[in-house]
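# Commentary on secondary and tertiary structure
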Amino acid sequence: MRPVQTLFLPLILLVLPTAQADTIHLTDGTSIEGVSIKEETLQGVVYKDGRTDATVQSNLIRSITFSPMPVLIDRAEAGLDEDQYMGSVAGYEEYISQTSSPERKFPWALNYAYFRVIELQQTMGKYDAVVAAADRLIEKAGTSRYATLALVKKAEALFDGGKAKEALTALDALTQLSKSAQLGERWDIEADLRRVLFDARLQGQARIKKLEAISSRAGGMYQSVWGRAEVAIGEALLKNNDQAEAEKVFRSVLKETGSDRNAMAAAWSGVGACLFNRAAAATEAGEDGAPAICRESALAHMRVLVLYRDQTRYLSGALYWAGRSFDLIGDEESGDRAQRLYRKVIRNHKGSRWAEEARAFYKKR
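Figured I'd write up the structure that's included with this text. (Residues numbered from 1 in each chain as written. Predicted model: local features only at pLDDT ≥ 70, side-chain atom pairs only at ≥ 80, totals over all residues. Heavy atoms only, no water.)

On to a positive patch on the surface. Taken together, the side chains of Arg340, Arg343, Lys344 and Arg347 define a basic patch exposed on the protein surface. Among the secondary structure elements, Arg340 is positioned in helix 16 (residues 332-348). (Patch = residues over 30% accessible without salt bridge, like charges linked within 9 Å, V, L, I, M, F, W, Y side chains within 5 Å. Areas by Shrake-Rupley, 256 points an atom, 1.4 Å probe, with all protein chains shown as cover. Salt bridge = Lys/Arg side-chain N within 4 Å of Asp/Glu carboxyl O. Lys, Arg positive; Asp, Glu negative; His and termini not counted. Charge placed at Lys NZ, Arg CZ, Asp CG, Glu CD. Helix = DSSP H or I, 4+ residues; strand = E, 2+ residues; numbered from the N terminus.)

This is the structure in structure tokens:
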């Protein structure tokens, strides 16, 4: 039997108002709400606010929430609630195959679909597919605001796929595009941030110093870039065993409304790591407050699992460390929770470092 809500869908579509209520999320953490997107180019996004047309520079946009959406895209988005990433990609591809040119009612949707395929392939860790999808977007929608974002995703996928030299070439293409199209400083900062992140030879204070310079350049205008630079600083501090300072940095990112989902997931993972280290030391010392710190650590990692499931770079680690946090508490209920989390990371993240680590603590029943 079909779900009840689908039986009434046609009727609902007839009675709901068709007025759009798109929201433009800016890089400084503010938003432009209740507008209708008309056009998206490399230089700017044109939107209608009431009866007035206005434009916002593309380099000032963090993301856009579209409402309503074409039916096929809406269905593809709904599949993500069940982590059906392959099904969602198929839904977007179906929309692309059926749409030869932008729809009059949804002029943004085709280019959006191209980009969402890139994002979802990255979520699934399919790096070659990310590169192919990014190349398609650049060919088909190279004058849209998504072209710069596609080059960033391409560079990240090439690096994550073990192709560091090709990743730097993609960053050079981003810098060249930004210069030729006069897109402002943001994309130079984005490229320079990843050049630092991709440089495995750059460690310790030298790495932190370069990241601090990028963070300063991003400043208040590009909070999303600032957030990513700051979490990278926190991770470097944590690697240097400066846990107190690292936690301060991670928590500062969590307070900023302009931080993007990647930075938020990284920050919660970082806070969780700091709390776990503190919890382990308190547990070993037999401190009365140790279980409370363990629960804080578990909660920080669980936030990643619940709120940022699309940020797969952090999911397997969050599962493992949430399990370890529950194990430290020591009671039967917490132990059962830990075992469920170990089982999940072993089953869903095969081949990852954390799946292998979890095997040492998983008790087969």
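One pass over the structure, following the stated rule, counts 14 aromatic pairs. Measuring from centroid to centroid gives 4.9 Å for Tyr320 and Trp321, while their planes differ by 80°, and the two rings are edge-to-face. A residue is classified by how much of its surface remains accessible, and Tyr320, at 3% relative accessible area, is buried. Taking the relative accessible area as the measure of exposure, Trp321 reaches 25% and is therefore partly exposed. Linked through ring pairs, Phe276, Tyr320, Trp321, Tyr342, Trp354 and Phe361 together constitute an aromatic cluster. Over the ring of Tyr146 we find Arg145; its NZ or CZ atom is 4.5 Å from the centre of that ring. (Phe/Tyr/Trp six-rings, centres within 6.5 Å; stacked < 30°, edge-to-face > 60°. Buried < 20%, exposed > 50% of the residue type's maximum accessible area, 1.4 Å probe, protein only. Lys NZ or Arg CZ within 6 Å of the ring centre and 35° of its normal.)

This brings us to the side chain of Gln121. Summarising the element assignment, Gln121 is placed in helix 5 (residues 109-123). Every residue in contact with Gln121, bar those within four places of it in the chain, is listed here: Val89, Lys126, Ala129 and Val130. (Contact = heavy atoms within 4.5 Å.)

Glancing now at the nonpolar core. Judged by nonpolar contacts, the single largest core of 58 residues is most densely connected at Ile24 and Ile37. Formed by 56 residues, the second largest nonpolar core is a distinct cluster that contains Ala266, Cys294, Leu305 and Phe326. (Core = buried A, V, L, I, M, F, W, Y, C linked by side-chain atoms within 4.5 Å.)

Most of strand 1 (residues 22-26) is tucked away, with five of its five residues classed as buried. Burial of the side chains of strand 1 extends over both faces: Asp22, Ile24 and Leu26 are buried on one face and Thr23 and His25 on the other. With three bridges connecting them, strand 1 and strand 2 (residues 31-40) associate as antiparallel partners. Within the sheet, the bridge partner assigned to Asp22 lies in strand 2 and is Val35. (Pairing = 2+ DSSP bridges.)

A separate point is helix 5. Given a rise of 1.5 Å per residue, 15 residues ought to cover 21 Å, and the 20 Å separating the end C-alpha atoms of helix 5 matches this to within 8%. Within helix 5, 14 of the 15 residues are buried, which leaves the element mostly enclosed by the surrounding structure. Among the residues trailing helix 5, Gly125 stands out with phi positive, at a value near 75°. (Expected span 1.5 Å × (residues − 1).)

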